[in-house]
Amino acid sequence: MRPASPKRYAVYSIGASILTLVLKFGAWGMTGSVGLLSDATESLVNLTAGVLALTAITIALRPADADHAYGHGKAEYFSSGIEGVLIIVAAFAIGYAAIDRFFSPQELRHLGPGLILALASSVINFLVARIMLRAADRFDSITLEADAKHLLTDVWTSVGLVAGLAVIIVMPQWKILDPIIAVIMAVNIVFTGVGLLKRSVGGLMDDSLPEEELKLIANAIHSYAGTESSFHGLRTRKSGPKRFIDFHLLVPGSMTVHDSHELCELIEELIHSKLPRAEVTIHVEPLESDTSYDGRDVGGACTASLGGECPMMSPPLTDKSGE
């Protein structure tokens, strides 16, 4: 049996968006509620985001080639960034419609059936979002995670909207709640969009891996290199589901090429066991050489920043008199 592809889950999102789009616009047409219109507008964004996610994942899954030696994983950051922008645009459209309704309040019709349609769409989005979040964790995909969280945001805003509009069924004189709820939803959606944009920009700017992952790498190095060796120039980044890790490892100059290679293999294997889909590059340098201490030029993290002494400037002092 062929393993599941992350593209399958993007297709789930598109299918859910089309179905909820029909339900939500039906609820708006039935009631005339600007709150339900805002909810339906967000479903349009969901559909667009789902198509973008499928496109980005398809590109990201392409293998590395001569023009893209590190693969195509960064396509996912473009998708999540565009989705963040779309979410913010939708939020401003919702806010504009709500403010207009403040000045031109309208009676709402058939709220009961309309809210049932809205709740049905929320159940669909919730189930699909849960499936996608599990898939995002499995494939380590920021695109699936962004799409799933967007759907969950839609669920909670829809539930809040339904709860608020249900009050109007009992007390029709409180129809001002309709635009108020729409404004609250718009503000919440803006925060979601900004969060996605920040993560996307971080990925495109090659942010380092999180501190806890850097410590895992440092522990893996010290597990085999011991106290005799240290490292510097630890540089990390993430591209889609792949992690790229490289650093300079200082070892005794008397160590053979074979032994240093075996040491690097052990370190790489341990890092791979802790951080799947990692590509590790290790540059071995002799402890005794002045040119090995180039931490300031290389940049990145070093032993000191992760719990040890940092070899930045010069090799250890030795007694050249032989005493």
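Residues numbered from 1 in each chain as written. Predicted model: local features only at pLDDT ≥ 70, side-chain atom pairs only at ≥ 80, totals over all residues. Heavy atoms only, no water.

J.: Would you take a moment to explain unusual backbone geometry for this structure?
T.: With the exception of glycine, most residues fall at negative phi, and the peptide bonds are largely trans. Look at aspartate 140: it is not a glycine, yet its phi comes out positive at around 55°. Note that aspartate 140 resides in the loop between α4 (111–139) and α5 (142–170). (Helix = DSSP H or I, 4+ residues; strand = E, 2+ residues; numbered from the N terminus.)

J.: Explanation requested: helix α8 (residues 257–274) in the structure shown.
T.: For an α-helix the count is 3.6 residues per turn, leaving residues at separations of three or four pointing the same way. With 18 residues, α8 should cover 26 Å at 1.5 Å per step; its first-to-last C-alpha distance of 26 Å lies within 8% of that length. Along α8, the positions that sit buried rather than exposed are Ser260, Leu263, Cys264, Ile267, Glu268, Leu270 and Ile271. The buried residues of α8 all sit within an arc of 165° when viewed along its axis, so they share a single face. Facing away from the buried surface of α8 by more than 90 degrees, the exposed residues are His258, Glu269 and Ser273. Looking at the packing, one finds that the buried side of α8 touches α7 (211–225), β2 (242–251) and β3 (278–286). (Expected span 1.5 Å × (residues − 1). Buried < 20%, exposed > 50% of the residue type's maximum accessible area, 1.4 Å probe, protein only. Arc of directions from axis to C-beta. Contact = heavy atoms within 4.5 Å.)

J.: Help me out: how do you make sense of the nonpolar core in this one?
T.: Across soluble globular proteins, you tend to see nonpolar side chains buried next to one another. Ranked by size, the top nonpolar core spans 23 residues in total, and within it Ile217, Ile245, Phe247, Leu249 and Ile271 carry the most contacts. Where this core is concerned, the elements lending two or more residues are α7, β1 (230–239), β2, α8 and β3. Discounting chain neighbours no more than four positions away, the residues touching phenylalanine 247 are Ile221, Phe231, His232, Gly233, Leu234, Ile267, Ile271, Val280, Thr281, Ile282 and His283. Core analysis: the second largest hydrophobic core is formed by 15 residues, Ala16, Val128, Ala135 and Phe139 among them. (Core = buried A, V, L, I, M, F, W, Y, C linked by side-chain atoms within 4.5 Å.)

J.: How should I be thinking about α5 in this particular structure?
T.: Taking 1.5 Å per residue as the helical rise, α5 with its 29 residues ought to reach 42 Å, and the 43 Å between its terminal C-alpha atoms agrees with that figure. For α5, the N-terminal cap is serine 141; the gap from its side-chain oxygen to the backbone nitrogen of leucine 144 is 3.2 Å. (Polar contact = N/O pair within 3.5 Å; in protein donor to acceptor, adjacent residues only side chain to side chain.)

J.: Help me out: how do you make sense of the sheet that holds β2 in this one?
T.: In sheet architecture, strand pairing relies on hydrogen bonds along the backbone and comes in two forms, parallel and antiparallel. The 3 strands are arranged β1-β2-β3 in an open sheet whose pairing can be described as mixed. Of all strands in the sheet, those bounded by a partner on one side alone are β1 and β3. Across the sheet, the axes of successive neighbouring strands diverge by a mean angle of 10°, strand direction being ignored. Bridging between β2 and β3 involves 9 bridges; their strand directions are parallel. The partner of arginine 243 across the bridge, within β3, is alanine 278. Across the sheet, α7 is in contact with β1 and β2; its angle to β1 comes to roughly 140°. Lying on the sheet, α8 is in contact with β2 and β3; it crosses β3 at an angle near 150°. (Pairing = 2+ DSSP bridges. Axes fitted to C-alpha atoms, helices over the stretch in contact; angles between N-to-C directions.)

J.: Sorry if this is basic, but what is going on with the side chain of arginine 243 here?
T.: For arginine 243, the location among the structural elements is in strand β2. Given the relative accessible area of 9%, arginine 243 is considered buried. Filtering out sequence-adjacent residues up to four positions away, arginine 243 remains in contact with Asp140, Leu209, Glu213, Arg237, Lys238, Leu275, Pro276, Arg277, Ala278 and Glu279.

J.: Any chance you could explain the pattern of salt bridges here in plain terms?
T.: When charged atoms on two side chains of opposite charge get close, those side chains can pair. For the coordinates displayed, the defined rule picks out 6 salt bridges. A salt bridge links aspartate 140 to arginine 243, with the nearest nitrogen and oxygen atoms 3.1 Å apart. Here the residue aspartate 140 occupies a position in the loop between α4 and α5, and arginine 243 occupies one in strand β2, the gap between them amounting to 103 residues. Exposure class is identical for aspartate 140 and arginine 243. Each is buried. Arginine 243 is the salt-bridge partner of glutamate 213, the closest N and O atoms lying 2.9 Å from each other. Placement of glutamate 213 in helix α7 and of arginine 243 in strand β2 is noted, with a sequence separation of 30 residues between them. Among the ionic contacts, a cluster of salt bridges with common partners joins Asp140, Glu213, Lys238 and Arg243. (Salt bridge = Lys/Arg side-chain N within 4 Å of Asp/Glu carboxyl O.)

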